[in-house]
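Structural description and commentary
Residue-level listing of the chains:
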Amino acid sequence: MKGRILTTGGAGYIGSHTTVELLKAGHSVIILDNFENSDRDRVARIPLIAGAADVRLVEGDVRDAHLVADVLKRHEIDAVMHFAGKKAVSESVADPLLYYHDNITGAVSVLSAMRDAGCKKLIFSSSATVYGDPDMLPTRETAPTSASNPYGRTKLIIEDIIDDTAVSLNGFQAISLRYFNPVGAHSSGLIGECPRGLPNNLFPYIAQAAAGVRDYVHIHGNDYETSDGTGSRDYIHIVDLARGHVAAVEHLLSTSTDHAPHRKVNLGTGQGHTVLEVLHAFSRACGFQVPYRIGPRRPGDVATSLADPSLALALFDWKPQFDLEKMCWDHWNFQKRELDKLNSGMRMPHLMHDVVADHATLNGTHPSALGNRDALN
Ligand code: WQD
């Protein structure tokens, strides 16, 4: 069944890649984003990748439950994918109340709007951070959860809120997707990860070091119990992750016999790679050695994080296709394009008008209606 999907935070790194895959699978998409941590340029590129597709943008804040409910009703949304939220672990440690307020208020607002609008299918953007430092590797969804930072705790709390909501609303169904480490970019190089300021995560930091934006990569510790002493993670290509979302929402929209009110499902590869393995793979992708130095461990890091992805295969018949080389190549391809744009002083021409969320835009007459390419000028 093809659906009408609302992607909150749909202009973000994961949201935009998922929107592309939803459109390619024939679904219609409404993006709701306040552009607090994303760019309009990225949204404007979506039709360039997905071709003529039914995608519309509403600029607004998920914490405005009335706006969300209005979007759900006016566009007769079949399912919501809730990506919007803050996701920097270090920032969450420095300012936990900001994370509790923004992430939890946003989730409660979306759920309240869904209840009021009668929308009963939800995909939630959760994280492997909920496992803390797992005893069981690879880690299944039945593993104990114990977040080790406020960001991870917001994910756990929201999963619990969804549990309670699913029980209280007849027919409501949700899937919380627990991401391991999403990396890479769409093969077109048109969309990818663009952290503002100093990257927290390994891949964007390596990409910026390769581009000369950073002097070298700081390797956080090489005395872990891993093959080479550096931290090991389950990196998953962003397009594999996006296709996992499409498989999950189509599972919810199908007439499957699975009536579980709320499932938690890992999205990972089951294959781990150390920091040094990633650095060497990235150096092969860009054709030169990316400079690095080994320093002390980063507080809060675990030695190893590794998914058991078998439930996603059993439920959605989904499994990741891309390997570490492809992740590095696509990430580097995107980074180079971004660098070329910066060096040429060119900014992507605003392919669409700035959009102010008001009811007039919801019927798609405003240039924000990206449904037809004429709206892009
Ligand atoms: C990966 C490895 C670091 C940076 C975080 C969040 C998680 C998810 C993904 C949202 C570790 C090492 C890193 C650097 C390094 N985000 N590293 N130098 O910490 O596994 O997960 O992002 O859901 O919730 O916790 O990802 O990329 O920061 O680190 O050596 O400059 O790279 O020690 O071993 P992490 P990461």
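An account of the accompanying structure is given in this report.

Cut-offs and rules
- Residues numbered from 1 in each chain as written.
- Predicted model: local features only at pLDDT ≥ 70, side-chain atom pairs only at ≥ 80, totals over all residues.
- Heavy atoms only, no water.
- Helix = DSSP H or I, 4+ residues; strand = E, 2+ residues; numbered from the N terminus.
- Rg over C-alpha atoms; globule rule 2.2 N^0.38 Å.
- Buried < 20%, exposed > 50% of the residue type's maximum accessible area, 1.4 Å probe, protein only.
- Contact = heavy atoms within 4.5 Å.
- Areas by Shrake-Rupley, 256 points an atom, 1.4 Å probe, with all protein chains shown as cover.
- Lys, Arg positive; Asp, Glu negative; His and termini not counted.
- Charge placed at Lys NZ, Arg CZ, Asp CG, Glu CD.
- Core = buried A, V, L, I, M, F, W, Y, C linked by side-chain atoms within 4.5 Å.
- Expected span 1.5 Å × (residues − 1).

1. Describing the overall build of the chain
Regarding its fold elements, the chain presents 12 helices and 13 strands. In summary, the chain has a C-alpha radius of gyration of 20 Å against a globular reference of 21 Å for 377 residues, a match within 12%. Along the first, second and third principal axes, the C-alpha atoms of the chain reach 55 × 50 × 40 Å. Every one of the 377 residues in the chain was classed for burial, and the buried ones make up 56%. The contacts of the chain with a sequence gap of at least 6 include a subset with a gap of at least 24, amounting to 81%. For the chain, the accessible area works out to roughly 15,700 Å², and carbon and sulfur atoms hold 51% of it. The average position of the 36 basic charges and that of the 44 acidic charges among the side chains of the chain differ by 3 Å.

2. Quick look at the nonpolar core
Counting residues in hydrophobic clusters, the biggest one holds 42 residues, and the most contacted among them are I123, I175, L177, V249, L267 and F316. The greatest single-element share of this core, amounting to nine residues, is contributed by helix α8 (residues 238-253). Other than its neighbours up to four places away in sequence, L267 contacts L177, R178, Y179, F180, I236, L241, G244, H245, A312 and W318. One finds L32, V58, V62 and L111 within the second-largest nonpolar core, a separate group that totals 27 residues.

3. Here's the deal with helix α5 (residues 96-117)
An ideal rise of 1.5 Å per residue puts 32 Å on 22 residues; α5 measures up with 31 Å between its terminal C-alpha atoms. Of all the positions in α5, only Y99, D102, N103, I104, G106, A107, S109, V110, L111, S112, A113 and M114 are classed as buried.

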